[in-house]
Amino acid sequence: MSTASPVTTEITIINTAIPSSFEKKLLVMLEHRAHALSMKSKFRVAEQAAEIVIQHAPTLPQGHLCFSKLLSMQGKHTRKVSKNTLAYGQLLQAKKKVDNKK
């Protein structure tokens, strides 16, 4: 039986879901790196940078948006997103918001 209180459990979940200030800066730098590499048509390396962002912060949209932009620049408009990821529901919500604005 777990002795952790519900508040402690929620704080732990929040702390693991939100990157620290240093991690956020690093993720932004990787996102900028991916963009710069894409401008030089170095898409493979740019995709690797975007995937690192996704791996370290799968619930934040920046990495997913960066990666999808890279795919779009190459004419690749589809990539299967696993329904088991935490970000899948957020992606569906974002898509609904975009569709409603049209």
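For the structure itself, consult the block above.
Computed from a predicted model, the values in this text were never measured in an experiment.

Participant: Is there a simple way to explain helix 3 (residues 43-56) in this structure?
Facilitator: Since there are 3.6 residues in each turn of an α-helix, residues three or four apart along the chain are aligned in direction. The end-to-end C-alpha separation of helix 3 is 20 Å, in line with the 20 Å expected for 14 residues at 1.5 Å each. Within helix 3 the residues assigned to the buried category are Phe43, Ala46, Glu47, Ala49, Ala50, Val53 and Ile54. Down the axis of helix 3, the buried side of the element spans an arc of 160 degrees, and every buried residue falls inside it. Away from the buried face of helix 3 by more than 90 degrees, exposed residues Arg44, Gln55 and His56 are located.

Participant: Sorry, what's going on with the packing of helix 2 (residues 21-39) against helix 3 here?
Facilitator: Relative placement of two packed helices is described by the angle separating their axes and the distance separating the axes. Viewed as axis vectors pointing N to C, helix 2 and helix 3 meet at an angle of 160 degrees, and their least axial separation amounts to 8 Å. One way to sum up the angle between helix 2 and helix 3 is to call them roughly antiparallel. Crossing handedness for the pair helix 2 and helix 3: left-handed. Residue-level contacts link Leu27, Leu30, Glu31, Arg33, Ala34, Leu37 and Ser38 of helix 2 to Phe43, Val45, Ala46, Ala49, Ala50, Ile52, Val53 and His56 of helix 3. For the contact of helix 2 with helix 3, the per-class residue count stands at 11 nonpolar, 2 polar and 2 charged.

Parameters at a glance
Within every chain, residues take consecutive numbers counted from 1 along the sequence as written. A pLDDT threshold of at least 70 governs which residues receive local features in this predicted model, and a stricter bar of 80 or more applies before side-chain atom pairs are shown or counted, although totals over entire chains, interfaces and linings include all residues. With hydrogens and water excluded, all non-hydrogen atoms of the structure serve as input to the side-chain values. Runs of E in the DSSP output that reach at least two residues are strands. Runs of H or I that reach at least four are helices, and both are numbered from the N terminus. To estimate the expected span of a helix, count its residues, drop one, and scale the result by 1.5 Å. Each residue gets one of three labels from its accessible area relative to the maximum for its type: buried under 20%, exposed over 50%, partly exposed in between, using a 1.4 Å probe on protein chains only. Our arc is simply the arc of the directions from the helix axis toward the C-beta atoms. Under this scheme, a helix contributes an axis fitted over its contacting stretch, all axes are lines through C-alpha atoms, and angles between N-to-C directions fall in the 0 to 180 degree range. In this scheme, roughly parallel covers angles under 35 degrees and roughly antiparallel covers those over 145, while 65 to 115 is roughly perpendicular and the rest are oblique. Should the near helix be turned anticlockwise from the far one by less than a right angle, the crossing is termed left-handed; should it be turned clockwise, right-handed. Working rule for contacts: check all heavy atoms of both residues, and any pair within 4.5 Å makes them a contact. Residue polarity follows a fixed list, in which Ala, Val, Leu, Ile, Met, Phe, Trp, Tyr, Cys and Pro are nonpolar, Asp, Glu, Lys and Arg are charged, and the others, Gly among them, are polar.

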